[in-house]
Amino acid sequence: MKTIAVVTVNYKGKRDSIDFVESMLRQNTQGNDFKFIIVIVDNCSPDNSLSVLSDYFKDISIVKTISSGRNGGYAYGLNYGIKYALASSRPDYILAINNDVVVSPDLLSNLIQSIEKTDLNVPLLITGKMFYYAEPNKIWFAGGYFSRLRCMGMHTGIGKSDSEAFNKSRELTFATGCMWFFRESLLETVGFIPEEYFMYYEDVDYSMRVIKAGGKLLYEPRAVLWHKVGASGNSGSIDYFFPNRNRIYLSRKYLSKQERAFFLLFFISTRFLKLMQFFFRGKLVNTFKGIKEGFTMQIVNDQ
């Protein structure tokens, strides 16, 4: 019997984490040769999330609630939980997933069916079809691609109503970190998720690394969830520090000099436009925040 470790990160989102885990506990396992555990990693939330979640799930043996020891960012929390699962459960597969989602009852069975049809020797990362939680038939992600001009991952189908056009499995050049499913062996080939980003764009980096290692990103439309967009990273204010810093850093890491020149021309001009938009709305927002650090960050080599 195959074992799946479901790993999610909580930071001041205990209500979302409860909703997510309860949806995961409704998975249809009848007739399927797998079992799963759920690891909730609390990134030292200051709102007593750890004690609330530990108490809420204390009688459910497959749910493990642990502390990461510090708020080292999203990838740090995921890596911490994955390492915990590897040591404690020796899983065959790992599902790394946001805590601000609700999943379909057949999510795991469809992911298992999809991955078991693929070549064991090819590093593979699978993602699925994602809807807006508030608008259950509106697409948030139905596959994606890496835009070298924008130096970011772009979502296919975003804002559109679901249709047959989004029901075909295909290879991608970008898979959102909202949900990744992969064999444990992927970590041996590609390494763990890059932690230097803290939040935003670590999923673009990891997508690039999988492809660079000779692997594939696969969109599986039968693997469905609903995403409470913005809940896991929303601080209640507009802050461009991490998005801007990380895009500059990503461009230095993966774009050629010529590509980077075109990207920077596009990027700086759009920051000015956003600055003006906020100004005419009566807001003072530093849309250039983080750019300087993006140029000075030391590039971390792939692990």
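These notes cover the structure that comes with them. Just so we're clear, the structure is a prediction, and the values are computed from it rather than from any experiment.

## Quick word on the overall build of the chain
Stage number 1. On a plain count of helices and strands, the chain comes out with nine helices and twelve strands.
Stage number 2. Scaling as 2.2 N^0.38, a compact globule of 303 residues should have a C-alpha radius of gyration of about 19 Å, and the chain matches this with 19 Å.
Stage number 3. Once the C-alpha set of the chain is aligned to its principal axes, its extents read approximately 55 × 45 × 40 Å.
Stage number 4. Counting all 303 residues of the chain, 51% fall into the buried class.
Stage number 5. Total accessible area on the chain stands at roughly 14,200 Å², and carbon and sulfur atoms take up 53% of it.

## Considering the pattern of salt bridges
Stage number 1. Going through the model one piece at a time under the given rule, you end up with 14 salt bridges.
Stage number 2. The partner of D19 in a salt bridge is R15, and the shortest N-O contact between them spans 3.0 Å. With a gap of four residues between them, D19 and R15 both fall in helix α1 (residues 14-24), about one helical turn apart.
Stage number 3. When its relative accessible area of 47% is taken as the criterion, R15 is described as partly exposed.
Stage number 4. A salt bridge links K138 to E135, with the nearest nitrogen and oxygen atoms 3.1 Å apart.
Stage number 5. Residue class for K138 comes out partly exposed when judged on its relative accessible area of 26%.
Stage number 6. Within this structure, R15, D16, D19 and K228 form a network of salt bridges that share partners.

## Notes on helix α6 (residues 202-212)
Stage number 1. Most of α6 is tucked away: nine of the eleven residues are buried.
Stage number 2. Among all positions of α6, only E202, D203, V204, D205, Y206, S207, M208, R209 and V210 are buried.
Stage number 3. Just downstream of α6, G214 is the residue with a positive phi angle, here 90 degrees.

## Quick look at the pairing of strand β12 (residues 216-227)
Stage number 1. With nine of twelve residues buried, β12 is to be regarded as a mostly interior element.
Stage number 2. Relative to β12, strand β6 (residues 124-132) runs parallel, the two being bridged by nine bridges. Within β12, the residue paired with M130 across the bridge is L225.
Stage number 3. Where strand β10 (residues 170-172) meets β12, three bridges bridge the pair, whose relative direction is antiparallel. Bridging across to β12, L172 finds its partner in L217.

## Comments concerning the environment of Y84
Stage number 1. Looking at where Y84 falls in the secondary structure, it is placed in helix α3 (residues 74-89).
Stage number 2. The class for Y84 is partly exposed, based on a relative accessible area of 31%.
Stage number 3. A C-alpha to C-alpha distance of 9.9 Å links Y84 and K64, two positions 20 residues apart in sequence.
Stage number 4. Not counting the four nearest positions on each side in its chain, Y84 is found in contact with V39, K64 and I66.

## Examining the side chain of N110
Stage number 1. For N110, the location among the structural elements is in helix α4 (residues 107-115).
Stage number 2. Classification of N110 by relative accessible area gives buried; the value is 12%.
Stage number 3. Every residue in contact with N110, bar those within four places of it in the chain, is listed here: E220, R222 and A223.

## Quick look at the packing of aromatic side chains
Stage number 1. Inspection of every chain in the model, using the stated rule, returns 13 aromatic pairs.
Stage number 2. Centroid distance F241 to F242: 5.0 Å. Interplanar angle 80 degrees. Geometry classified as edge-to-face.
Stage number 3. Through pairs of rings, three or more aromatic residues link up here, namely F198, F241 and F242.
Stage number 4. The positively charged end of K83 is found above the aromatic ring belonging to F192, 4.9 Å away from the centroid.

## Observations concerning the nonpolar core
A general feature of soluble globular proteins is that nonpolar side chains tend to end up buried together.
Stage number 1. If you look at the biggest cluster of nonpolar residues, it comprises 84 residues, and the most contacted ones within it are I4, M24, L95 and I97.
Stage number 2. In terms of residue count, strand β2 (residues 34-42) provides more of this core than any other element does, seven residues in total.
Stage number 3. Apart from residues no more than four positions distant in its own chain, I4 is found in contact with F34, K35, F36, I37, P91, Y93, L95, L108, I112 and F181.

Conventions and cut-offs
- Residues numbered from 1 in each chain as written.
- Predicted model: local features only at pLDDT ≥ 70, side-chain atom pairs only at ≥ 80, totals over all residues.
- Heavy atoms only, no water.
- Helix = DSSP H or I, 4+ residues; strand = E, 2+ residues; numbered from the N terminus.
- Rg over C-alpha atoms; globule rule 2.2 N^0.38 Å.
- Buried < 20%, exposed > 50% of the residue type's maximum accessible area, 1.4 Å probe, protein only.
- Areas by Shrake-Rupley, 256 points an atom, 1.4 Å probe, with all protein chains shown as cover.
- Salt bridge = Lys/Arg side-chain N within 4 Å of Asp/Glu carboxyl O.
- Pairing = 2+ DSSP bridges.
- Contact = heavy atoms within 4.5 Å.
- Phe/Tyr/Trp six-rings, centres within 6.5 Å; stacked < 30°, edge-to-face > 60°.
- Lys NZ or Arg CZ within 6 Å of the ring centre and 35° of its normal.
- Core = buried A, V, L, I, M, F, W, Y, C linked by side-chain atoms within 4.5 Å.

All quantities given are derived from atomic positions and should not be read as evidence of function.
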